[in-house]
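This is what each chain is made of:
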Amino acid sequence: MKTKYKIGICAIAILLAAVGTGIFLWLTRTPVIAFYRLQKNEISALKSVIGNDFSYLTYDNDSSLYSQIKKKRPDLIFAPSGKPLETAVSSAKKVSLPLSLLADMTSSIRNSTPQKENAISAVPIVSGHLEIGINMNMLRRTGIKTIVSWEDIEKFASEAKKHYPNATIFFAGKNGPLVLDIIGALAEALDGKNAYDTAIKMIDEAIKESASGKRMFNGDIVAQSLAGNPDGPLYDAVQLLKKWYKAGLISDDSFKINKDTVSAFMQNDMASVVVMSLSDHRAIDTNVIKPYTSIYFPSDSPATTRAFTAPVIFAVPQTNNKKILELTQKLVSEETQESLSRATGLAPVLARCRTPDRQADDARYWVAATNAPLAGLSREHALSDEQLQALGIGLSMLIRLN
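Residues numbered from 1 in each chain as written. Predicted model: local features only at pLDDT ≥ 70, side-chain atom pairs only at ≥ 80, totals over all residues. Heavy atoms only, no water.

(A) Just the pattern of salt bridges, in detail. All chains considered together, the criterion is met by 16 salt bridges. A salt bridge links Lys243 to Glu154, with the shortest nitrogen-to-oxygen separation between them at 3.3 Å. Of this pair, Lys243 sits in helix α11 (residues 235–246) while Glu154 sits in helix α7 (residues 150–163), and the two are 89 residues apart along the sequence. When its relative accessible area of 46% is taken as the criterion, Lys243 is described as partly exposed. Where salt bridges share partners, they join Asp252, Lys256 and Arg400 into one cluster. (Salt bridge = Lys/Arg side-chain N within 4 Å of Asp/Glu carboxyl O. Helix = DSSP H or I, 4+ residues; strand = E, 2+ residues; numbered from the N terminus. Buried < 20%, exposed > 50% of the residue type's maximum accessible area, 1.4 Å probe, protein only.)

Here is the structure:
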């Protein structure tokens, strides 16, 4: 009997030791940070600021974030606003962060942050912006003084062609997601946020029909429903671009180039106007981008009703790992915000901290003066890269044809 009692005590001791060892290893392990749907330069910049005390994982953009988290759960996910943020938040294991982390941020950024019961489940880190670049050398040559409307942009592009015959409006039209974001932002500027929200609902409906087996997701068909008739929420945006295309203000080349090729046209005085994200702006050589000044998408609507397409990168803790929770606090400190803005070239989320240049400061100011920023239509849905590409190109065809 004593022997059995001793064996039982030993077994319990071994079990407790194993549990203790497991807890110790869990507490001392290197936390894992994952990135989803961020650009390479953004990921590199974030790593450089965060340092080597963490291990890193980059998820596949073309696979479901939810399924990838299930296979390998990280301790923290960096993801942009929109559907990626929504999925990352819903997958977190009962993590809540204090509202005080938002205290020094602009109201528009605070309003874009998921909140529940006086707590937050994600922390905004830096903000991008979809901008319009104006070639100032060409602007001075035309004698046009200011650009504050779409009519001004059209007039400038027309006048610039008289002095620079090859100069047109450029964007990376071969990149479907960018085309989708540009048209969504243009719809907000022309017809208000309701047009943008209606487009989201219609795309969501097409996704549901595809998931139910009713019909396959077809980019051309969805594009037609969004912008092929006057009732479509993106119709006015597509019609304005169609008008410019027919007038020769948008080159056919614009629909054949990707983001890497845009700078070549800029360098050779072939771009009077360039539409791009702030992140893409940062990837262009300084000497090439130098002649361009950035403006926001103009509108007849007052700033109080506007919502700019300015995706926010969020840090979304998935576990209550102590190092991760400490990192989220560090990420919104003034010192780290300044470092992140310098490294990424994006706008800080703090209302008052230094920015590396005018572009980052302008982007912060523009978003602060308006409502919670929009993620961009390409980020509002759990579509694959292939589906996003098809939808963006379907909208491009509506601009170029008929």
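(B) Inspection of the side chain of Ser149 at higher detail. Considering the arrangement of structural elements, one finds Ser149 in the loop between α6 (136–142) and α7. Here the side chain of Ser149 touches Glu151 through a polar contact of 3.3 Å, side chain to side chain. (Polar contact = N/O pair within 3.5 Å; in protein donor to acceptor, adjacent residues only side chain to side chain.)

(C) Broad picture of helix α17 (residues 358–368). For α17, every residue scored as buried is listed here: Gln359, Ala360, Asp362, Ala363, Arg364, Trp366 and Val367. The inward-facing, buried residues of α17 abut α5 (107–111), β7 (123–127), α13 (278–282), β11 (292–295), α16 (334–344) and β13 (347–348). (Contact = heavy atoms within 4.5 Å.)

(D) Structural context of the packing of helix α10 (residues 219–227) against helix α18 (residues 385–400). Contact geometry of α10 with α18 gives a least axis separation of 8 Å together with a crossing angle of 55°. Taken together, the axes of α10 and α18 lie oblique to each other. Where α10 crosses over α18, the handedness of that crossing is right-handed. Here α10 contributes Gly219, Asp220, Val222, Ala223, Gln224, Leu226 and Ala227 to the contact with α18, which in turn contributes Ala390, Leu391, Gly394, Leu395 and Leu398. The residue makeup of the contact of α10 with α18, split by class, is 8 nonpolar, 3 polar and 1 charged. (Axes fitted to C-alpha atoms, helices over the stretch in contact; angles between N-to-C directions. Parallel < 35°, antiparallel > 145°, perpendicular 65-115°, else oblique. Left-handed = near helix turned anticlockwise from the far one by under 90°. Nonpolar A, V, L, I, M, F, W, Y, C, P; charged D, E, K, R; others polar.)

(E) Spotlight on the sheet that holds strand β4 (residues 97–98). The strand order β4-β6-β5 describes an open sheet built from 3 strands, whose pairing is antiparallel. At either end of the open sheet lies a strand with only one pairing partner, and these are β4 and β5 (115–116). Judged from the 2 bridges that link them, β4 and strand β6 (residues 119–120) form a sheet pairing that is antiparallel. Within β6, the position partnered with Leu97 by the bridge is Ile120. (Pairing = 2+ DSSP bridges.)

(F) A look at the environment of Gly133. Among the structural elements, Gly133 can be located in strand β8 (residues 130–135). In sequence terms Gly133 and Ala271 are 138 residues apart; their C-alpha atoms lie 9.4 Å from each other. Excluding anything up to four places from it in sequence, Gly133 contacts Ser272, Val273, Val274, Tyr292 and Thr293.

(G) Quick peek at the layout of surface pockets. Taken as a whole, the largest pocket encloses approximately 800 Å³ of empty space. Looking at the largest pocket, it is lined by 34 residues, and the ones nearest its centre are Arg37, Leu38, Gln39, Lys259 and Arg379. Those elements giving two or more residues to the lining of the largest pocket turn out to be α2 (40–50), α8 (176–191), α13, β12 (312–317) and α18. Residue composition of the lining of the largest pocket, by class: 15 nonpolar, 11 polar and 8 charged. (1 Å grid on protein atoms, 1.4 Å probe; cavity = no way out; pocket = protein on both sides within 12 Å on 5 of 7 lines; lining within 4 Å. Points joined across faces, edges and corners; volume = space filled by probe spheres on them.)

(H) View of the sheet that holds strand β1 (residues 32–35). With mixed pairing, the 6 strands of this open sheet are ordered in space as β2-β1-β3-β12-β7-β13. Two strands lie at the open edges of the sheet, namely β2 (55–58) and β13, each paired on one side alone. Sheet topology places strand β3 (residues 76–80) next to β12; 5 bridges connect them, and they run antiparallel. Its bridge partner being in β12, Ile77 is matched across the sheet by Val316.

(I) Highlighting empty space enclosed by the protein. One pass over the full model with this rule turns up 4 cavities of 30 Å³ or more. Taken as a whole, the largest cavity encloses approximately 90 Å³ of empty space. Lining the largest cavity, in full, are Ile132, Trp150, Ile153, Ile169, Phe171, Ile182, Leu186, Leu241, Trp244, Val273, Val275 and Phe297. Secondary-structure elements contributing two or more residues to the lining of the largest cavity are α7, α8, α11 and β10 (271–277). For the lining of the largest cavity, a count of residues per class yields 12 nonpolar, no polar and no charged. Of the voids in this model, the second largest cavity is the one considered here, and its volume is about 50 Å³. Listing elements by their share of the lining of the second largest cavity, those giving two or more residues are β13 and α17. Sort the elements by how many residues they give to the lining of the second largest cavity and α17 lands first, with 4 residues. Residue classes in the lining of the second largest cavity are distributed as 7 nonpolar, 2 polar and 1 charged.

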